[in-house]
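# Examining the three-dimensional arrangement
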Amino acid sequence: MNLATSSLKRRYKPNVSDFLALCGRNYGYMLKWLPLEIAIGESWRLEGEFGILVVRILENTKYTQLVEISRPIAIKEFINIPKVLVRIYHDAKLAEVLTGQQIYQLRPVYDYPNVRMYQSDEKHQVNAFLEELLKIGYHHSVVCQS
């Protein structure tokens, strides 16, 4: 092996099994507090040990739902409110992040380096972030609001 081939970085290959397991865990967390009957535009708060989540239904179809999950914080002037748009697939029992803060459409893999400096596994990292957000509302009390 010469120096030129050893210095080339291997291209990231996503582990689909790990990703699907992560999306399955996220679905399990969400199913604990997701109402069966909910109207589009309706929102509610989950109050957990580690904070509050605000969940809003954007789309509701037979097999999927689109929800926005955000975590309000006290110091809004300095930090953007963490917010993700999540597609819930009830037929596959998966919940996947579609968009995050300034990312409007997540790609499975990004070349690195890239203009926006996304990580190669950005999609997996954002879904792992969702898992951490969902742990806030895992042991919860629901406060309905519209």
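Scroll up a little and you will see the structure.
What you are looking at is a predicted structure, and each value in this text was computed from that prediction instead of being measured. (Residues numbered from 1 in each chain as written. Predicted model: local features only at pLDDT ≥ 70, side-chain atom pairs only at ≥ 80, totals over all residues. Heavy atoms only, no water.)

A few words now on the packing of helix α2 (residues 16–31) against helix α3 (residues 122–136). Where α2 contacts α3, the axes come no closer than 10 Å and their chain directions differ by 25 degrees. With respect to each other, α2 and α3 are oriented roughly parallel. In this structure, the crossing between α2 and α3 has a hand that is left-handed. Contacts between α2 and α3 pair Asp-18, Phe-19, Leu-22, Cys-23, Arg-25, Asn-26, Tyr-29 and Met-30 from the former with Lys-123, His-124, Asn-127, Ala-128, Leu-130, Glu-131, Leu-134 and Lys-135 from the latter. Its residues placed into classes, the contact of α2 with α3 shows eight nonpolar, three polar and five charged. (Axes fitted to C-alpha atoms, helices over the stretch in contact; angles between N-to-C directions. Helix = DSSP H or I, 4+ residues; strand = E, 2+ residues; numbered from the N terminus. Parallel < 35°, antiparallel > 145°, perpendicular 65-115°, else oblique. Left-handed = near helix turned anticlockwise from the far one by under 90°. Contact = heavy atoms within 4.5 Å. Nonpolar A, V, L, I, M, F, W, Y, C, P; charged D, E, K, R; others polar.)

With that out of the way, let us pick up the packing of aromatic side chains. Under the counting rule described, the total for this entry stands at one aromatic pair. A centroid spacing of 6.1 Å and a plane angle of 65 degrees characterise the contact between Trp-33 and Trp-44, whose relative ring orientation is edge-to-face. In this pair, Trp-33 is assigned in the loop between α2 and β1 (43–48) and Trp-44 in strand β1, connecting sequence segments eleven residues apart. Both residues of the pair, Trp-33 and Trp-44, count as buried. (Phe/Tyr/Trp six-rings, centres within 6.5 Å; stacked < 30°, edge-to-face > 60°. Buried < 20%, exposed > 50% of the residue type's maximum accessible area, 1.4 Å probe, protein only.)

Here we come to the nonpolar core. Membership of the largest hydrophobic core comes to 23 residues, with the highest contact counts inside it found for Met-30, Trp-33, Trp-44, Val-67, Ile-69, Val-86 and Ile-88. Among the elements of the structure, α2, β1, β2 (51–60), β3 (64–70), β4 (83–89), β5 (94–99) and α3 are those that each provide at least two residues to this core. Among the elements that line this core, the one with the most residues is α3, at five residues. (Core = buried A, V, L, I, M, F, W, Y, C linked by side-chain atoms within 4.5 Å.)

In this section: the pattern of salt bridges. Under the defined criterion, the tally for this structure stands at five salt bridges. Close ionic contact of Arg-45 with Glu-47 constitutes a salt bridge, the shortest N to O distance being 3.6 Å. Take Arg-45: its relative accessible area is 23%, and that puts it in the partly exposed class. The salt bridge partner of Arg-56 is Glu-68, with a shortest N-O separation of 3.2 Å. On the criterion of sequence distance, the pair formed by Arg-56 in strand β2 and Glu-68 in strand β3 is long-range, its members being twelve residues apart. Classification of Glu-68 as buried rests on a relative accessible area of 17%. (Salt bridge = Lys/Arg side-chain N within 4 Å of Asp/Glu carboxyl O.)

Fair warning: the whole summary comes from geometry, so function is off the table for now.
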